[in-house]
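Examining the three-dimensional arrangement
What follows is each chain in one-letter form.
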Amino acid sequence: MTASTAKRKLFLGTFVHSKALSELEYLHDSAIAVDETGKIVAVDKDCGDLAKARETLLPRLGWNEADVEFVQSKDGEFFFPGFIDTHIHASQYPNAGIFGSSTLLDWLNTYTFPLESSLADPVKARRVYARVIRKTLAHGTTCAAYYATINVETTNLLADLCLTAGQRALVGRVCMDSALSPDFYKDASPEAGEEATRKCIAYIKQVDPNMDLVRPIITPRFAPACSAELMKRLGKLAEEENLPIQTHISENKNEIALVKELFPPAVLARATGDESLAKQHESTYAGVYDAFGLLTSRTILAHGVHLTPSELKLIADRGATISHCPCSNSSLASGAAPIRRLLLDHGIPVGLGTDVSGGYSASILEAAREAVLVSRHVCFNAPRDGERDKLSVEEVLWLATRGGARVVGLEGKVGAFEEGMEWDAQLVSLGRVVGEEGDGGMEDEVEGERGNVDVFGWESWPDRIAKRHICATQPNPT
Ligand code: GUN
Ligand code: FE
């Protein structure tokens, strides 16, 4: 379907979205009008049935009923913004759940690099990428920041498949050239890494010229896998093309020690030609990325479990963002990231990531639940101000939508239901008849008895997505 043939749509019923970090808004008996380009042109909080819409909203918009498709949520259903996965390795999907007792560095060598390397086979890559897109969409993820592999052809295939499925995506061709990368899976040189990345950028610009749905993202894997020269080139390229950047930071203590060892001030000074900057950064992990122009307001840093106060200040000063991956951080025994401190004390934007296959689940709802639980562990381990580190369910749903939108550079475009934003939503069914256990209505169903959002009770939430409407201009992928 193209923009010119797409129909105007009127969604009617119940809408739930994050109004603020700690506040969900419930819009009952409401209507949202979406124009033929997929933009929300009206949010009417008192117009939830067809008769009222005919009487008031359609005339106000000057819309003829014959040109409009109506979509009504049923009892027990509500529209919710599509989830945003700010960190997922599409190429690692076949390994979801396989980590044994390994931690980051041996996990990469044992499980991850061999699998990623095997996706140079386009037949296998098509099978894996089509499945991960189908699965994430089934979990309500309408936008994902994907890592592919170092292979150009199949990275481009991932972009094609996202476009066909109508899933918004940042698609990153993985760059890694250092001695820490295995010989069977690495860029031959910094020049080769940059050149391959340029090819993927050019391809995506060709297949989605306005980058409405799919964008390239510069992807140095992480500092230990990259030479100084490669990171320097990628920093320049990101600036030149004004593109987002994604990488990993401060996930695991051995990894942090390795960065210190690989990038002492003398190496940074030589690579950047700036001795005072090298000294100032004292070889911190964030400082290394900053030295190479990789720490920007368009940068997504996955994990950030063990960041020091000076790194947090540097990240905040640069406006860089964090992808919180609680499932992966628990599975690989990396640690518990203090997310409320990052958000509230440092003002760092945060979203949620599944980090498949460090994380075993491709569901952002699952990541939201795990973020709640992991925040309890932050509390147990370093109690401060009573319960100040505990994330609420409202907060993790904000991270899954509005927070994620900021992280992937789509703030004001997706993540909530407001005029001027794109219609990017999932229709959720709670699977119970409203009023079955009392007549408290939708809030009773969505929230627990004490008024807290009962996301833990949404057991089969992802499986019960009745129908997805991602962009009015995109084919429905169901
Ligand atoms: N650090 C570098 N590469 C990876 C990866 O693939 N997954 C995770 N979790 N951390 C990484
Ligand atoms: Fe990762």
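Residues numbered from 1 in each chain as written. Chains lettered and ligands numbered in written order. Predicted model: local features only at pLDDT ≥ 70, side-chain atom pairs only at ≥ 80, totals over all residues. Heavy atoms only, no water.

1. Examining the sheet that holds strand β10 (residues 214–216)
Taken together, four strands build an open sheet; the order of strands is β6-β7-β8-β10 and the sheet is parallel. Here the strands that pair on one side only, and so sit at the sheet edges, are β6 (83–89) and β10. Across the sheet, the mean angle separating the axes of adjacent strands is 15° when strand polarity is ignored. In this sheet, strand β7 (residues 141–147) lies alongside β6 in parallel orientation, the contact comprising five bridges. Across the sheet, H89 pairs through a bridge with Y147, a residue of β7. (Pairing = 2+ DSSP bridges. Helix = DSSP H or I, 4+ residues; strand = E, 2+ residues; numbered from the N terminus. Axes fitted to C-alpha atoms, helices over the stretch in contact; angles between N-to-C directions.)

2. So, the nonpolar core
With 77 residues, the main nonpolar core has M231, F263, Y289, F292, I315 and L399 as its most contacted residues. In this structure, this core is formed jointly by two domains, domain 1 (8–80 + 416–469) and domain 2 (83–407), each of which donates at least three residues. Those residues within four positions of I315 in sequence are excluded, and the remaining contacts are I249, A286, L295, L301, L307, A320 and I348. Within the second largest apolar cluster, 26 residues are counted, among which are Y93, L157, C162 and I204. (Core = buried A, V, L, I, M, F, W, Y, C linked by side-chain atoms within 4.5 Å. Buried < 20%, exposed > 50% of the residue type's maximum accessible area, 1.4 Å probe, protein only. Domains from an automatic or database assignment. Contact = heavy atoms within 4.5 Å.)

3. Quick notes on the coordination of the iron ion (ligand 2)
Looking at the metal site, the iron ion (ligand 2) is ligated by H87 (NE2), H89 (NE2), H248 (NE2) and D355 (OD), spaced 2.0 to 2.3 Å from it. In this structure, the iron ion (ligand 2) is coordinated by four donor atoms arranged in irregular fashion, with angles at the metal of 87 to 171°. Mapping the donors of the iron ion (ligand 2) onto the primary sequence gives the spacing H-x1-H-x158-H-x106-D. Residue H87 is found in strand β6, and its partner D355 is found in the loop between β15 (350–352) and α14 (364–381); the two are separated by 268 residues along the sequence. By relative accessible area, H87 is classed as buried at 1%. (Donors = N, O, S within 2.8 Å, 3.2 Å for Na, K, Ca; no water. Tetrahedral: all angles 85-135°; square planar, octahedral: opposite > 155°, others 65-115°.)

4. A short note on the confidence of the model for the protein
When pLDDT is low, close inspection of the predicted coordinates is not appropriate. Mean pLDDT over the protein: 88, with 89% of residues reaching 70 or higher. This stretch, residues 432–439, has a pLDDT under 50; its non-local contacts, to residues over four places away or in other chains, come to ten contacts. When the criterion is pLDDT under 50, residues 459–478 qualifies, and its contacts beyond four places in sequence or with other chains add up to 70 contacts. (pLDDT = per-residue confidence, 0-100.)

5. Examining the site of ligand 1
Neighbouring ligand 1 are H89, Q92, L104, W107, L108, R221, F222, H248, E251, H303, S328 and D355. With respect to ligand 1, the side chain of H248 contributes an N or O atom lying 3.4 Å from a nitrogen atom. With respect to ligand 1, the side chain of D355 contributes an N or O atom lying 2.7 Å from a nitrogen atom. In the complex, 100% of the free accessible area of ligand 1, which totals 280 Å², lies under the protein chains. Of all the cavities here, the one that holds ligand 1 is the largest cavity. At three residues, helix α2 (residues 104–118) tops the list of elements feeding residues into the shell around ligand 1. Partitioning the shell around ligand 1 into residue classes produces four nonpolar, five polar and three charged. (Near = heavy atom within 4 Å. Polar contact = N/O pair within 3.5 Å; in protein donor to acceptor, adjacent residues only side chain to side chain. Areas by Shrake-Rupley, 256 points an atom, 1.4 Å probe, with all protein chains shown as cover. 1 Å grid on protein atoms, 1.4 Å probe; cavity = no way out; pocket = protein on both sides within 12 Å on 5 of 7 lines; lining within 4 Å. Sits in = over half its atoms within 2 Å of the grid points. Nonpolar A, V, L, I, M, F, W, Y, C, P; charged D, E, K, R; others polar.)

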